[in-house]
2 protein chains.
Amino acid sequence: MTGPAPRAARRVLGIDPGSQITGWGLLAGTAVEPRLIEAGLLRLGAGDFPQRLALLQERLAELVARLRPTVAAVESPFHGASARSALQLAHARGVILAVLAGAGVEVAEYTPATVKKAVTGSGRAGKRQVAAMVGRLLHGAPPGDSHDLSDALALALCHLASAGHRSAVARARER
Amino acid sequence: MTGPAPRAARRVLGIDPGSQITGWGLLAGTAVEPRLIEAGLLRLGAGDFPQRLALLQERLAELVARLRPTVAAVESPFHGASARSALQLAHARGVILAVLAGAGVEVAEYTPATVKKAVTGSGRAGKRQVAAMVGRLLHGAPPGDSHDLSDALALALCHLASAGHRSAVARARER
């Protein structure tokens, strides 16, 4: 009989979907002591929309195979944005969810407000505030000057903050 | 020097995206003499949303590798539907476009009204009318009693109807 994986082995991949650029960041550790392993941007090039989605699928599959996250944190789809941009984002999100589930990576979804609140204390924080707090929480590890990147790290931090609760729920479900 | 592929070699895969069931149908021939090669449904099972999208990705990739279509016809995203169902559909559509572009299959998009008009003569035809005309156009080849399947075949027929014009445009672009 094996118990749940030890906490230290938990690797959380935050992903900020976009059809031009998708930001990602891999954290380990806990909410109190998060550790930045690696972060970056998937630039999806200048092809047409299906070609960019194909590149996203290919690059993310490579990334997941290399990083071997235990769980991925992705923003839940938002209904408030303009219909066109929300639909474009949903296409990219669909590719991301398919790649993650296909690789056996658990997917956790958080609303933008939940992420902002977890990282800054306020559900209405701006992107700069989020980026500044992400840098501070990762003990000065530079999140780069891209919001795609700091938003991805914020998602991973948000998951770490609720991971204790969630993993207990998951273990209960598996029984 | 090689010219464009002969017309008879053109294989059009129509796809009707869904996050539960995705219909598909492969046609060859021309708008005047369409020929049904094969059609079917991808049933995406009872898993959660990411798992169904992963299954869609896997099954469609297998299908495309086996059928080797030259072009795929997919419905363009519609903005009129409820935000929730449009977003779900966009996720499935994203997976489909990524798989097609990743396999080098050209993607052609048509609005629902264009498809209905091409097949029945009216942009406001109902699903039954479309299904009946698809059966008639394919010379009695039974499209099954699923609208997911007849809608996929209608998309392929719509593409054949405009393929002469489109392939001329594509050849002009390649020069």
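Look a little higher up for the structure.
Since we're looking at a predicted model, the values are computed, not measured.

Conventions we followed
- Residues numbered from 1 in each chain as written.
- Chains lettered and ligands numbered in written order.
- Predicted model: local features only at pLDDT ≥ 70, side-chain atom pairs only at ≥ 80, totals over all residues.
- Heavy atoms only, no water.
- Least-squares fit on C-alpha atoms with pLDDT ≥ 70 in both.
- Contact = heavy atoms within 4.5 Å.
- Buried area = accessible area lost by both parts, 1.4 Å probe.
- Salt bridge = Lys/Arg side-chain N within 4 Å of Asp/Glu carboxyl O.
- Helix = DSSP H or I, 4+ residues; strand = E, 2+ residues; numbered from the N terminus.
- Nonpolar A, V, L, I, M, F, W, Y, C, P; charged D, E, K, R; others polar.
- Pairing = 2+ DSSP bridges.
- Axes fitted to C-alpha atoms, helices over the stretch in contact; angles between N-to-C directions.
- Buried < 20%, exposed > 50% of the residue type's maximum accessible area, 1.4 Å probe, protein only.
- Arc of directions from axis to C-beta.
- Parallel < 35°, antiparallel > 145°, perpendicular 65-115°, else oblique.
- Left-handed = near helix turned anticlockwise from the far one by under 90°.

1. Details of the relation of the copies chain A and chain B
Here comes step 1: Each copy of the sequence occupies a distinct position, and chain A is placed on chain B by a rotation of 180 degrees and an axial shift of 0.0 Å, giving an RMSD of 0.0 Å. Considering both components of the superposition, the chain copies are consistent with a two-fold axis.

2. Overview of the interface of chain A and chain B
Here comes step 1: On the chain B side, the residues contacting the 24 residues of chain A number 24 residues.
Here comes step 2: Of the roughly 1,800 Å² buried between chain A and chain B on both sides combined, carbon and sulfur atoms contribute 77%.
Here comes step 3: Among the residues of chain A in contact with chain B, Pro50, Leu87 and His91 of chain A are the three that bury the most area, contributing 29% of the side total.
Here comes step 4: If you look at where chain A meets chain B, you find zero salt bridges.
Here comes step 5: Elements with a minimum of two residues in the side of chain A that touches chain B: helix 1 (49–67) and helix 2 (83–102) of chain A.
Here comes step 6: It is helix 2 of chain A that contributes the most residues to the side of chain A that touches chain B, 14 residues altogether.
Here comes step 7: By residue class, the composition of the side of chain A that touches chain B is 16 nonpolar, six polar and two charged.

3. Some details on the sheet that holds strand 3 (residues 34–43) of chain A
All names here are of chain A.
Here comes step 1: Spatially, five strands are ordered 3-2-1-4-5 in an open sheet, and the strand pairing comes out mixed. Strands with a single pairing partner mark the edges of an open sheet, and in this sheet they are strand 3 and strand 5 (106–110). Pairs of neighbouring strands in the sheet enclose a mean axial angle of 20 degrees, with direction left out of account.
Here comes step 2: Note that strand 2 (residues 21–29) and strand 3 share nine bridges and pair antiparallel. Of the residues in strand 3, the one forming a bridge with Gly25 is Ala39.

4. Describing helix 4 (residues 127–137) of chain A
Residues and elements named next belong to chain A.
Here comes step 1: Residues of helix 4 that are buried include every one of Val130, Ala131, Val134 and Gly135, and no others. Projection of helix 4 onto a plane perpendicular to its axis shows the buried side chains occupying an angular sector of 135 degrees, all on one side. Summarising the geometry of helix 4, the exposed residues directed more than 90 degrees from the buried face are Arg128 and Arg136.
Here comes step 2: Immediately beyond the C-terminal end of helix 4, within one or two residues, lies His139, with a positive phi of roughly 55 degrees.

5. Observations regarding the packing of helix 1 (residues 49–67) of chain B against helix 2 (residues 83–102) of chain B
Residue and element names in this part refer to chain B.
Here comes step 1: One can describe the packing of helix 1 onto helix 2 by two numbers: an axis separation of 9 Å at closest approach and a directional angle of 30 degrees. Relative to helix 2, the element helix 1 is oriented roughly parallel. Where helix 1 crosses over helix 2, the handedness of that crossing is right-handed. Along its contact with helix 1, which presents Phe49, Leu53, Leu56, Gln57, Leu60, Ala61 and Val64, the element helix 2 presents Gln88, His91, Ala92, Val95, Ile96, Val99 and Leu100.

6. Focus: the pattern of salt bridges
Residue and element names in this part refer to chain B.
Here comes step 1: Taken as a whole and assessed by the stated rule, the structure comprises six salt bridges over all chains.
Here comes step 2: A salt bridge links Arg93 to Glu109; the nearest nitrogen and oxygen atoms lie 2.8 Å apart. Of this pair, Arg93 sits in helix 2 while Glu109 sits in strand 5 (residues 106–110), and the two are 16 residues apart along the sequence.
Here comes step 3: Judged by relative accessible area, which is 4%, Arg93 ranks as buried.

7. Focus: the sheet that holds strand 4 (residues 71–75) of chain B
All names here are of chain B.
Here comes step 1: Read across the sheet, five strands follow the order 3-2-1-4-5 without closing on themselves; strand pairing throughout is mixed. Edge strands, defined here as strands with exactly one partner in the open sheet, are strand 3 (34–43) and strand 5. On average, each strand axis in the sheet is inclined to that of its neighbour by 20 degrees, with strand direction left out of account.
Here comes step 2: Pairing between strand 4 and strand 5: five bridges, direction parallel. Opposite Val71, over in strand 5, you have Glu106 as the bridge partner.
Here comes step 3: Where helix 1 meets the sheet, it contacts strand 1 (12–16), strand 2 (21–29) and strand 3, and its direction lies at approximately 155 degrees from that of strand 3.

8. Looking at unusual backbone geometry
With the exception of glycine, most residues fall at negative phi, and the peptide bonds are largely trans.
Residue and element names in this part refer to chain A.
Here comes step 1: Of note, Arg68 is a non-glycine position whose phi angle comes to about 45 degrees, a positive value.
Here comes step 2: Note that Arg68 resides in the loop between helix 1 and strand 4 (71–75).
Here comes step 3: Residue Arg68 is classed as exposed on the basis of its relative accessible area, which comes to 63%.

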